[in-house]
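Structural characterization, general
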Amino acid sequence: METFELEEEVRTALISNADLLAVLPNGVNGIYHYVAPSADPTRYPIIVYSPISDVPAIHGDNREVAHRVTIRIHVIAAQRRFSVDERNFVMACILIKEIMQSLGFVRRQTIPFLDEGKIMRIFDFVKGVKS
């Protein structure tokens, strides 16, 4: 399986999860590949996913047999306390972990991040796949 196929698998799982779409005010339009648009979205949370690495893991007979792919997912919300955005942000984080685990990914790390009035959770999920 190639990285682009995993990206499509992740996208399909995200946009077809009714519980996740219910906590994203813009629904499927709140899920972005690689980067969010330059215009600041008016409703949060939003999700941005992208592959960040594809590393050969096993070689045999002078060829790659398997590789490890890391997908990074940002869950981003406006920084407000005790708002609907914050509750939806927390629920989106929980659902992202469940969705990725159902696809066979393992969470490598989670990084809390704050930038320009936005609060984020950055998740790295890893999956080993045959080449």
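For the structure, check the block above.
Residues numbered from 1 in each chain as written. Predicted model: local features only at pLDDT ≥ 70, side-chain atom pairs only at ≥ 80, totals over all residues. Heavy atoms only, no water.

**Some points on unusual backbone geometry**
Residues other than glycine predominantly adopt negative phi, and peptide bonds predominantly adopt the trans conformation. Definition in use: Three labels apply to residues, based on accessible area from a 1.4 Å probe with only protein chains included: buried if under 20% of the type maximum, exposed if over 50%, partly exposed otherwise in between.
Here the bond from Tyr44 into Pro45 is cis, since omega is 5 degrees, no more than 30 degrees from zero. Unlike most non-glycine residues, Asn62 shows phi in positive territory, near 60 degrees. For Asn62, a relative accessible area of 84% puts it in the exposed group. Not every positive phi belongs to a glycine, and Glu116 is a case in point at roughly 45 degrees.

**Side note on the environment of Pro41**
Convention followed: Counting from the N terminus, the helices are the DSSP runs of H or I reaching at least four residues and the strands are the DSSP runs of E reaching at least two. By definition in these notes, contact holds between two residues if any of their heavy atoms fall within 4.5 Å.
In this structure, Pro41 sits in the loop between strand E1 (31–33) and strand E2 (46–60). With 37 residues separating them in the primary sequence, Pro41 and Ala78 have C-alpha atoms 9.7 Å apart. Those residues within four positions of Pro41 in sequence are excluded, and the remaining contacts are Tyr32 and Ile46.

**Considering the packing of aromatic side chains**
By convention here, two paired aromatic rings are described through the distance between centres and the angle between planes. Under the convention used in this document: Here is the rule: rings of Phe, Tyr and Trp (six-membered ring for Trp) pair when centre to centre is within 6.5 Å. Planes less than 30 degrees apart are stacked, more than 60 are edge-to-face, and the remainder are tilted.
Inspection of the entire model under this criterion finds one aromatic pair. For the ring pair Phe123 and Phe125, a centre distance of 5.8 Å and an interplane angle of 25 degrees mean the geometry is stacked.

**A short note on a nonpolar patch on the surface**
Short version of the rule: Exposure above 30% relative accessible area and the absence of a salt bridge qualify a residue for a patch, where like charges join within 9 Å and nonpolar side chains (Val, Leu, Ile, Met, Phe, Trp, Tyr) within 5 Å. Surface accessibility follows the Shrake-Rupley procedure with a 1.4 Å probe radius. Residue values consider only the protein chains on display as shielding. Any Lys or Arg side-chain nitrogen located within 4 Å of an Asp or Glu carboxyl oxygen qualifies as a salt bridge.
Taken together, the side chains of Val90, Met91 and Ile94 define a hydrophobic patch exposed on the protein surface, amounting to about 230 Å² of accessible area. Structurally, Met91 is set in helix H3 (residues 84–102). Owing to a relative accessible area of 37%, Met91 belongs among the partly exposed residues under this scheme.

**Examining the pattern of salt bridges**
Going through the model one piece at a time under the given rule, you end up with two salt bridges. With a closest N to O distance of 2.6 Å, Asp124 and Arg72 form a salt bridge. With a gap of 52 residues between them, Asp124 in strand E5 (residues 118–130) and Arg72 in strand E3 (residues 63–78) connect regions that are remote in the sequence. For Asp124, a relative accessible area of 3% corresponds to the buried category.

**Some thoughts on helix H1 (residues 3–15)**
Here is the rule we go by: The span one expects for a helix is its residue count, reduced by one, times 1.5 Å. What the arc covers is the set of directions going from the helix axis to the C-beta atoms.
With 13 residues, H1 extends 18 Å between its outermost C-alpha atoms, agreeing within 8% with the 18 Å of an ideal straight helix rising 1.5 Å per residue. Every buried residue of H1 is accounted for by Thr3, Leu6, Glu7, Val10, Ala13 and Leu14. Viewed end-on, H1 has its buried residues packed into an arc of 130 degrees, placing them on one side of the element.

**What about the pairing of E5?**
The cut-off we apply is this: In short, DSSP must find at least two bridges between two strands for them to pair.
By the bridge criterion, 13 bridges tie E3 to E5 in an arrangement that is antiparallel. Bridge pairing in E5 places Ile71 opposite Phe125. Relative to E5, strand E4 (residues 106–115) runs antiparallel, the two being bridged by nine bridges. The residue of E5 that forms the bridge with Leu114 is Ile119.

Remember that the coordinates give geometry; whether it matters functionally is a separate question.
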